[in-house]
Amino acid sequence: MPAIERAHPRIIALANQKGGVGKTTTAINLGTALAAKRRVLLIDMDPQGNASTGLGISRQDRGAGSYALLTGERRLAELLRPTKIPNLTLLPADPELAGAEIELVGLEHRERRLREALETQADALAGIEIILIDCPPSLGLLTLNALVAANAVLVPLQTEFFALEGVSQITRTVDRVKRVLNPTLELEGIVLTMFDRRNNLSELVAADVRAFFGDKVYTTIIPRNVRISEAPSHGLPVILYDHRSAGAQAYVDLAAELLRRERKARKSAA
């Protein structure tokens, strides 16, 4: 009897070398919203471990995680953790991840460690349909591992003055990785975050980004919202902390738009 071929999960890296743009917040809440429709794995590749904390796993409770996977010390199946959200699994950031940039330099296939682990240990991903990777706010080896492993990159972009400068840098990096290391990598899109409608600058930046990147910019905009800021201190995504808030609704809309774009891309490819 022939073996049943499993569908590969779609892997999306959330990356921006600029910190404080809502990247981890987007990873947590987009993952939570997507989990209502799909089985999702969130990989925390940021040494700060904020995605792990934001899903209710404190630093002292994390144990082994993405560092142990990258270095080959533990297998993926041993490292996956359930979360409070049905259908959302977490690979946490262990404390040792802070030293990974230095340690990875001396390892074989240093930029392919995550990709090879996910490919060779695919049994641990049975049923997972989407993998989100929360990258650190830098373009070092951890982010490079995420980009080599991913099918697509989603760039959260704060609507502020230096936004275009930052996004042009990450898009150049995506182009270089696509050319040299991962020919299937695509720019999934750009998500405008921390948008303040009372601020003319937010409107101007949004218009500039849309003029430059066209339909790569998502229609859904994530507003500046106090509930989004409060939720991580409770170890909850904003969708669970206050599902009626503007921030929670924006992330539900973002997940719906991502799935719509995915369906449209599949139809175009067929």
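Where an unreviewed UniProt entry is consulted, the protein chain appears under the name Chromosome partitioning protein ParA, with the organism given as Neoroseomonas eburnea. Of the comments in the UniProt record for the protein chain, the one headed Function (unreviewed entry) reads "Involved in chromosome partition. Localize to both poles of the predivisional cell following completion of DNA replication."

Colleague: Help me understand the UniProt feature "domain: AAA" (unreviewed entry) in the protein chain in this model?
Modeller: Mapped onto the present numbering, the UniProt feature "domain: AAA" (unreviewed entry) falls on residues 10-186. Helix makes up 37% of residues 10-186 and strand 16%. Its end C-alpha atoms lie 12 Å apart.

Colleague: Help me out: how do you make sense of the pattern of salt bridges in this one?
Modeller: For side chains of opposite charge, pairing can occur when their charged atoms come near one another. If you walk through the whole model with that rule in mind, you get 14 salt bridges. A salt bridge links Glu230 to Arg227; its shortest N-O distance comes to 2.7 Å. Of the two residues, Glu230 and Arg227 are both situated in helix H10 (residues 226-230); the distance of 3 residues between them amounts to about one turn of the helix. For Glu230, a relative accessible area of 26% translates into the label partly exposed. By relative accessible area, which is 32% here, Arg227 ends up partly exposed. Put simply, Arg261 and Glu257 hold a salt bridge, and the shortest N to O gap is 3.2 Å. Taken together, the residues Arg261 and Glu257, both in helix H12 (residues 246-269) and 4 residues apart, mark about one turn of the helix. A relative accessible area of 4% means that Glu257 is categorised as buried. Salt bridges sharing common partners tie together Arg10, Arg38, Glu188, Glu262 and Arg266.

Colleague: Help me understand the environment of Arg244, please; the structure alone is not making it clear to me.
Modeller: With respect to the helices, strands and loops of the structure, Arg244 is situated in the loop between helix H11 (238-241) and H12. A C-alpha to C-alpha distance of 24 Å links Arg244 and Ser202, two positions 42 residues apart in sequence.

Colleague: What should I look at first to understand the packing of helix H6 (residues 113-120) against helix H7 (residues 141-149) in this one?
Modeller: What describes two packed helices is the angle between their axes and the distance between those same axes. Interaxial distance between H6 and H7 falls to 7 Å at its minimum, and their mutual angle equals 45°. Judged by the inter-axis angle, H6 sits oblique to H7. Contacts between H6 and H7 pair Arg113, Leu114, Arg115 and Leu118 from the former with Asn145, Ala146, Val148 and Ala149 from the latter. Taken together, the residues of the contact of H6 with H7 sort by class into 5 nonpolar, 1 polar and 2 charged.

The rules behind these values
Residues numbered from 1 in each chain as written. Predicted model: local features only at pLDDT ≥ 70, side-chain atom pairs only at ≥ 80, totals over all residues. Heavy atoms only, no water. UniProt positions renumbered as here; feature names shortened; annotations may be inferred. Helix = DSSP H or I, 4+ residues; strand = E, 2+ residues; numbered from the N terminus. Salt bridge = Lys/Arg side-chain N within 4 Å of Asp/Glu carboxyl O. Buried < 20%, exposed > 50% of the residue type's maximum accessible area, 1.4 Å probe, protein only. Axes fitted to C-alpha atoms, helices over the stretch in contact; angles between N-to-C directions. Parallel < 35°, antiparallel > 145°, perpendicular 65-115°, else oblique. Contact = heavy atoms within 4.5 Å. Nonpolar A, V, L, I, M, F, W, Y, C, P; charged D, E, K, R; others polar.

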